[in-house]
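# Inside the fold
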Amino acid sequence: MMATFSRLWNYERPKHFFVVDVGSNTTIRSLRFSKQHDTYTAISKSSFDLPNREDELDLIRPISEYLRRLLFRYVKEIGRVPQTTLIGLGSHFTFNEITTARRTRPRPSEPLRRDEFHELLRDFVEQARSPRGKGTPYVPAEVMPFRVTLDGYHIPAISRSTRGSVLEVTLLATYALAAYWEELIKLRSMLGGLNIHFIPNQAAIARAVVHVLKVRDALAVKIGAKITEVSLMSDGVLLSTGHFGRGGDQFTAAIRERLRITWADAERMKQQFGTTLLPAGTGEVVRETLTTATGEWLAELSSYLKRDERFLLPERIYLLGGGARLGMVTEALAGQQWFGDLTFLETLIVERLDGEGIARSIFSNSNPPLEGPEDVALAALASYARDTAVAEMPRL
C-alpha cells in the first residue's frame, strides 16, 4: 500500500519530444520519444519515401503536406502539444555558412550584458535578410552561435567581470530557399501554435560526434542519394561544412547503364552487393562498375577538400548516410592513393557511423529503433533535443 502511494506521490507526467530529419530529398525520417524521471524512451519511428520529381522544387509541397500530417498524428497520439519539436535540415533547398558577427562596444569598461549578445545576433539576421543566390532567393533560416570572444579571448560564460571592447561571435548561419522556408514556418501555426525549432543536420551530427562519441577532430562524410555532405570538426568545434553533387544515385545509375536494367533492379543490386551472391558474370560486372563509380566519387571528394589550400585531413573519418552501406567506399577512403597530399598522416581511421551508436547513449530501450548509417542524423537530433534547452533558443 505504501509503495503504491509513493509511486502516486512521485508521479511525473511524461514530456514528449518529436524530431524529424528532412535532410534527404528521398526520405523523411522521424522519431517520437519521451522523458519521465530522467529516463528517455524511444516510442516510435516513422519514415516516408518522397515521390520522384524531375524538378526538385516540386518536392516542397509534398514535404510540407507530409510534415503537417505527421505532426498532427503525433499530437493526436499523445493528446497534447509536445515539449519540443526539432526539425533537422539538410543541404537540399538550404546551405550553411560559418561566419562571424562583430561589434565594438561604446563603453568597454562596463560589464558585458547578455542583451548585447542578442542584439548582435539580431543585427546580423537583419543584414542577412536580403535574398541570397543567383535566380532563386535564399533567406536566413537559422543562426547557431558556437563561440564568443571579447578582444580575442574566448568567454565561455558572462559575469560582472567580463569587460572589453570588441565582441565577436562565430556562428553557423543556415539559409533556405524562400519558398521552402515559408512552408516550414507555417507549421508553427498548427493546432494553436507548436514549439518548433530548426537546426542544420550537419551541426547536430558534429555535436554528437564531439559530445557523445567524445571525438574532437574528425571529418563526417554523409553520402545521400544525390549529394554528399562534408563536415570538419577541429578541437571540438565545427570548422567547416559543405556538399558536392554526387551521391548514391550515381552508383545506381552506373549499374543501370552498364547492365541495361531498371532503376529498381540496379538499386537492389547496389544494396545487396557483398551480402548476396550474384551470378558469376553479373557479380564481376557490378564489382567493376561500383569500383569505377567509387573512384569518381572519391576524386570529387578530394577535389572538394582541396578547394581550401589550408585544409588538413584529420586522422578519423566517419562515413554515414545510405551510401555508407557500400563497403567498397569505406575501403577506398582508407587507401593512401587519394589523401596523400591532404595530410601528413600515413594512415586514416575510417569508420561507418550508425544511429545505434548515438541512440544507446540516450534511450533506456535495450534495442532503440535507430540502427544504420541512415539514422545517424535522426539520432543526433534526438541527442540535441534531449541535452539542449531548445525552447530558449532564439527563433527567426
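Everything numeric here is computed off the predicted structure, so don't read it as measured data.

In any sheet, the strands associate via hydrogen bonds between backbone groups, in a parallel or an antiparallel arrangement. Read from one edge to the other, the open sheet built from five strands follows the order 12-11-10-13-14, with strand pairing classed as mixed. If you trace the sheet from one side to the other, it starts and ends with strand 12 (237–244) and strand 14 (349–352), each paired once. Taking each pair of neighbouring strands and ignoring which way they run, the sheet shows an average axis angle of 20°. Its contacts with the sheet place helix 8 (residues 280–305) against strand 10 (218–223), strand 11 (228–234) and strand 12, and it is angled at close to 130° to strand 12.

Next up on the list: the packing of helix 6 (residues 248–259) against helix 7 (residues 263–272). It is at 8 Å that the axes of helix 6 and helix 7 come closest, and there the two elements cross at 115°. Relative to helix 7, helix 6 is oriented so that their crossing is right-handed. Facing helix 6, whose interface residues are Gly248, Asp249, Phe251, Thr252, Ala253, Ile255, Arg256 and Leu259, helix 7 presents Trp263, Ala266, Glu267, Met269 and Lys270. Looking at side-chain class alone, the contact of helix 6 with helix 7 contains seven nonpolar, two polar and four charged residues.

Where helix 2 (residues 60–78) contacts helix 4 (residues 178–185), the two axes come as close as 10 Å, and the packing angle between them is 10°. Taken together, helix 2 and helix 4 sit at an angle that is classed as roughly parallel. Residue-level contacts link Ile60, Arg61, Ile63, Ser64 and Leu67 of helix 2 to Ala179, Tyr180, Glu183 and Leu184 of helix 4. A class-by-class count of the residues in the contact of helix 2 with helix 4 yields six nonpolar, one polar and two charged.

Below, the discussion takes up the sheet that holds strand 3 (residues 39–49). A sheet is described by the order of its strands in space; here five strands give the open sequence 3-2-1-4-9, paired in mixed fashion. The open sheet is flanked by strand 3 and strand 9 (196–200), the only strands paired with a single partner. Here the average twist between neighbouring strands, direction ignored, is 20°. Two strands pair when backbone bridges link them, and strand 2 (residues 27–36) and strand 3 are joined in this way by ten bridges, in the antiparallel orientation. Across the sheet, glutamine 36 pairs through a bridge with threonine 39, a residue of strand 3. The strands touched by helix 2 within the sheet are strand 1 (15–22), strand 2, strand 3, strand 4 (84–89) and strand 9, with strand 2 carrying the most contacts at an inclination of about 20°. Strands in contact with helix 12 (residues 376–387) are strand 1, strand 2, strand 3, strand 4 and strand 9; relative to strand 1, the strand with the most contacts, it is inclined by about 145°.

For strand 1, the tally of buried residues reaches seven of eight residues, placing the bulk of the element in the interior. As paired strands, strand 1 and strand 2 are joined by seven bridges and run antiparallel to one another. Paired with lysine 15 across the strands is lysine 35, a residue of strand 2. Following strand 1, the chain reverses through four residues before pairing antiparallel with strand 2. Relative to strand 4, strand 1 runs parallel, the two sharing six bridges. Looking at strand 4, one finds that valine 19 is bridged to leucine 86.

Leu67 and Tyr180 are the most contacted members of the largest nonpolar core, which totals 47 residues. For this core, the secondary structure elements donating two or more residues are strand 1, helix 2, strand 4, helix 3 (114–128), strand 6 (138–150), strand 8 (166–177), helix 4 and strand 9. A total of nine residues in this core trace back to one element, the largest contributor, which is helix 2. For leucine 67, the residues in contact, after removing those within four places along its chain, are Val20, Val22, Ile28, Leu184 and Leu187. Phe33, Ala203, Val376 and Ala379 belong to the second largest nonpolar core, which has 40 residues in total.

Before going further, it helps to spend a moment on unusual backbone geometry. Despite not being glycine, histidine 37 shows a phi value in the positive range, around 55°. Mapping histidine 37 onto the fold places it in the loop between strand 2 and strand 3. Here histidine 37 falls in the partly exposed class, since its relative accessible area comes to 43%.

What follows covers the packing of aromatic side chains. In total, this model carries 13 aromatic pairs according to the counting rule given. Here the aromatic rings of phenylalanine 17 and phenylalanine 33 are separated by 4.9 Å at their centres, their planes lie at 5°, and the arrangement is stacked. Here the residue phenylalanine 17 occupies a position in strand 1, and phenylalanine 33 occupies one in strand 2, the gap between them amounting to 16 residues. In terms of burial, phenylalanine 17 and phenylalanine 33 fall into one category: buried.

The rules behind the values
Residues numbered from 1 in each chain as written. Predicted model: local features only at pLDDT ≥ 70, side-chain atom pairs only at ≥ 80, totals over all residues. Heavy atoms only, no water. Pairing = 2+ DSSP bridges. Helix = DSSP H or I, 4+ residues; strand = E, 2+ residues; numbered from the N terminus. Axes fitted to C-alpha atoms, helices over the stretch in contact; angles between N-to-C directions. Contact = heavy atoms within 4.5 Å. Left-handed = near helix turned anticlockwise from the far one by under 90°. Nonpolar A, V, L, I, M, F, W, Y, C, P; charged D, E, K, R; others polar. Parallel < 35°, antiparallel > 145°, perpendicular 65-115°, else oblique. Buried < 20%, exposed > 50% of the residue type's maximum accessible area, 1.4 Å probe, protein only. Core = buried A, V, L, I, M, F, W, Y, C linked by side-chain atoms within 4.5 Å. Phe/Tyr/Trp six-rings, centres within 6.5 Å; stacked < 30°, edge-to-face > 60°.

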